[in-house]
Amino acid sequence: MAELTIGMTYGNALFQAACELNKKELILEEATQVLEIINQEPDLCAFINTPVISIGEKKDVLKSIFESRISEELLNFLFVMVDKGRTRHFARAIKVYKDLQNEQEGVSYGKIFSVKSLSSERLEKFEAETGKLLQQKVKLENETDTSLIGGVKILIDGKVIDASLRRRLEDLNNTII
């Protein structure tokens, strides 16, 4: 539970600061890139998360990697997380930040599962139709799931829209039995 609270606290603080500075999009973009780098470099991740290495050394390394590549505000945010020993919560903080931004903009993000990848045109059509159904702006990320047989399944804001062939066959089977 503490994991969620820490991530929420830091994500919320970063979002509020970004709003005040009018840098919401910039900081989210940079934070996402920093997160990708950390995830792609297990040695860097281990380095910033280990309590054995001094705070000063961690800050020096982060500064050498990110200074002049990311905003001063995001670099300072990373420094605060290092100071407080909270760097392992960076990913959660950024997820909270992204959720707050989406909520403020009235956008819901979800996943659409299909047997094969959808074209950008089909994806946009599903976004528009789902948006109409939910009465909000929707962005969907496509993932393939061969178990569907055909059709699609959409997961968004804890809701499931199951228009898969597998589901239709299960429904048919249940009505026959």
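This text follows the structure it describes.
This text gives an overview of the structure that appears in the document. (Residues numbered from 1 in each chain as written. Predicted model: local features only at pLDDT ≥ 70, side-chain atom pairs only at ≥ 80, totals over all residues. Heavy atoms only, no water.)

### Digging into the sheet that holds strand β3 (residues 151–156)
Phase 1: What the four strands build is an open sheet, ordered β2-β1-β3-β4; its pairing is mixed. Both edges of this open sheet fall to β2 (137–144) and β4 (159–164), since each of them pairs with a single strand only. Neighbour-to-neighbour, the strand axes of this sheet turn through a mean angle of 20°, independent of strand direction.
Phase 2: Sheet strands in contact with helix α7 (residues 120–134) are β1 (107–114), β2, β3 and β4, and its direction is about 130° off that of β2. (Pairing = 2+ DSSP bridges. Helix = DSSP H or I, 4+ residues; strand = E, 2+ residues; numbered from the N terminus. Axes fitted to C-alpha atoms, helices over the stretch in contact; angles between N-to-C directions. Contact = heavy atoms within 4.5 Å.)

### Some remarks on α7
Phase 1: Compared with an ideal rise of 1.5 Å per residue, which puts 15 residues at 21 Å, α7 spans 21 Å between its outermost C-alpha atoms and is within 8% of the ideal.
Phase 2: Those residues of α7 lying buried are L123, F126, E127, T130 and G131. One face of α7 carries all of its buried residues, which in axial projection span an arc of 135°. Opposite the packed face of α7, turned more than 90 degrees from it, sit the exposed residues E121, E124, K125, K132 and L133.
Phase 3: Next to the buried residues of α7 lie β1, β2, β3 and β4. (Expected span 1.5 Å × (residues − 1). Buried < 20%, exposed > 50% of the residue type's maximum accessible area, 1.4 Å probe, protein only. Arc of directions from axis to C-beta.)

### What to know about the side chain of T87
Phase 1: Note on placement: T87 falls in the loop between α5 (72–83) and α6 (90–105).
Phase 2: Among the residues examined, T87 registers a relative accessible area of 10% and is labelled buried.
Phase 3: Within the structure, T87 has its side chain in polar contact with the side chain of N49 (distance 2.7 Å).
Phase 4: For T87, the residues in contact, after removing those within four places along its chain, are I48, N49, M81 and V82. (Polar contact = N/O pair within 3.5 Å; in protein donor to acceptor, adjacent residues only side chain to side chain.)

As far as function goes, none of this settles anything; it's purely spatial.
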